[in-house]
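# Understanding the architecture of this molecule
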Amino acid sequence: MNNKGESLTQNRLGFEKLNIALGILYKEWYELISHQLCDSVGMNLELGCGASFIDKIIKNIIKSDVFLNSNTDLRIDAMEVGLKYENQISNLILVNVFHHINNPELFLKSAEKSLLSGGRIIMIEPSNNIWSRFVYKLVGHEKFDTEQINWDFESNDPLLDSNQALSWIIFKRDYKKFKKLFPEFSLLKKKSMMPFSYLLSGGHTCNTKVGGIIIKIIRKLERSFFDNQFGIFDLICIEKI
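Described in the following lines is the structure provided in the data block. Being a predicted model, the structure only gives us computed values, none of them experimental. (Residues numbered from 1 in each chain as written. Predicted model: local features only at pLDDT ≥ 70, side-chain atom pairs only at ≥ 80, totals over all residues. Heavy atoms only, no water.)

### Thoughts on a nonpolar patch on the surface
Just so we agree on the cut-off: In this analysis, a patch consists of residues with relative accessible area above 30% that form no salt bridge, clustered at 9 Å for like charges and at 5 Å for the nonpolar side chains Val, Leu, Ile, Met, Phe, Trp and Tyr. Using a 1.4 Å probe, accessible areas were evaluated by the Shrake-Rupley method; residue-level cover was limited to the displayed protein chains. Counted as salt bridges are all cases of a side-chain nitrogen of Lys or Arg within 4 Å of a carboxyl oxygen of Asp or Glu. Runs of H or I in DSSP of at least four residues are treated as helices and runs of E of at least two as strands, each being numbered from the N terminus. Per-residue accessibility, obtained with a 1.4 Å probe over protein chains only, is compared with the maximum for each type, and a residue is labelled buried under 20%, exposed over 50%, and partly exposed between these values.
Together, Phe196, Ile213, Ile217, Leu221, Phe225 and Phe226 give the surface a local cluster of nonpolar side chains, amounting to about 610 Å² of exposed area. With respect to the secondary-structure elements, isoleucine 217 resides in helix α10 (residues 212-225). Of the residues examined, isoleucine 217 reaches a relative accessible area of 48% and is grouped as partly exposed.

### A few points about the packing of aromatic side chains
Note the following rule: What counts as a ring pair is set by centres within 6.5 Å for rings of Phe, Tyr and Trp (its six-membered ring), and what kind of pair is set by the plane angle: stacked under 30 degrees, edge-to-face over 60, tilted for all other angles.
Inspection of every chain in the model, using the stated rule, returns 20 aromatic pairs. Ring plane angle 40° and centroid distance 5.8 Å describe the contact between tyrosine 175 and phenylalanine 178, whose orientation is recorded as tilted. On the criterion of helical spacing, the pair formed by tyrosine 175 and phenylalanine 178 is a turn pair, its members being three residues apart in helix α8 (residues 175-181). Assessed through its relative accessible area of 27%, tyrosine 175 is described here as partly exposed.

### Side note on the sheet that holds strand β3 (residues 74-75)
Strand-to-strand pairing in sheets goes through backbone hydrogen bonds, with the strands running parallel or antiparallel. Rules: By this definition, two strands are paired if DSSP reports at least two bridges between them. Residues are treated as being in contact if the distance between any of their heavy atoms lies within 4.5 Å. The axes used here are C-alpha line fits, helices contributing only the stretch in contact, and every angle between their N-to-C directions lies in the interval 0 to 180 degrees.
If you walk across this open sheet you meet the seven strands as β3-β2-β1-β4-β5-β7-β6, and the pairing is mixed. Sheet topology places β3 and β6 (185-193) at the edges, where each strand pairs with a single neighbour. As paired elements, strand β1 (residues 43-47) and strand β4 (residues 89-95) share five bridges and run parallel to each other. When the sheet's bridge partners are listed, asparagine 44 is paired in β4 with asparagine 91. Lying on the sheet, helix α3 (residues 20-36) is in contact with β4, β5 (115-126), β6 and β7 (233-240); it crosses β4 at an angle near 155°.

### Remarks on unusual backbone geometry
For asparagine 96, which is not glycine, the phi torsion reads 55° and is therefore positive. Accessibility expressed as a relative area gives 18% for asparagine 96, which makes it buried.

### Brief notes about helix α7 (residues 166-173)
Counting buried residues in α7 gives six out of eight residues, a clear majority hidden from the surface. If you check which residues of α7 are buried, you get Leu166, Ser167, Trp168, Ile169, Ile170 and Phe171. Where α7 is buried, its residues contact α5 (104-114), β5, α8, β6 and β7.

### With respect to the side chain of asparagine 91
Note the cut-off: For the purposes of these results, a polar contact is taken to be a pair of N or O atoms within 3.5 Å, where, inside protein, one atom must be able to donate a hydrogen and its partner to accept one; residues adjacent in sequence count only when each atom of the pair is a side-chain atom.
Mapped onto the secondary structure, asparagine 91 falls in strand β4. Reaching out from asparagine 91, the side chain makes a polar contact with the side chain of asparagine 44 at a distance of 2.7 Å.

### Some points on the side chain of serine 201
Positionally, serine 201 belongs in helix α9 (residues 197-201). For serine 201, the residues in contact, after removing those within four places along its chain, are Asn19, Ala21, Leu22, Leu25, Cys206, Asn207 and Thr208.

So far we have only geometry, and geometry alone does not tell us how the molecule works.
If you want it as structure tokens, here you go:
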């Protein structure tokens, strides 16, 4: 990873203490992920952990990234996980990482090789609906291209280059192709969430200093009325048969 990527991650460490609202939303993600974990006895591995604090919620987890810093336990490229941990992993966890992987077919083959029977890939990824498309194209710091024909794309910087529509392309638009290539994978869950709360928090780019009470009230309203149709993130869970 280049120095720019390392510096960006280093600057985000401890974000949950500085941006309380964003920390609450990430904590919800981690809790949702924890409810999807399979019971197979093996490794729980987070790929591309960055500034993650998932180990505060899931205790028996190894945090990995493509470079080492004070927040990582292990240095590994996502494409190598099958080679290094064949049939050893119970749960692979990716939080806003999958859409940065420029060869997702190769990654999924590697992930399939790494997982135990019953093992799972659990992801948080950008969603695709009328509201999320507007949001991601308005923000515009990462590409959101639903017309991308092939799954792979060119990438010079794995931290910045992406297609935020990638999970929708593979697990919705091209689902038949996905099942043909990976018959041992089953899509267990795909649930949208957080249409407004993440934006209100400012994300990683702008700390709006919205209070925790306000963000929790908004999340309660979102879950009741808006998540399913207008969420800008998806919880995705895939199981290896």
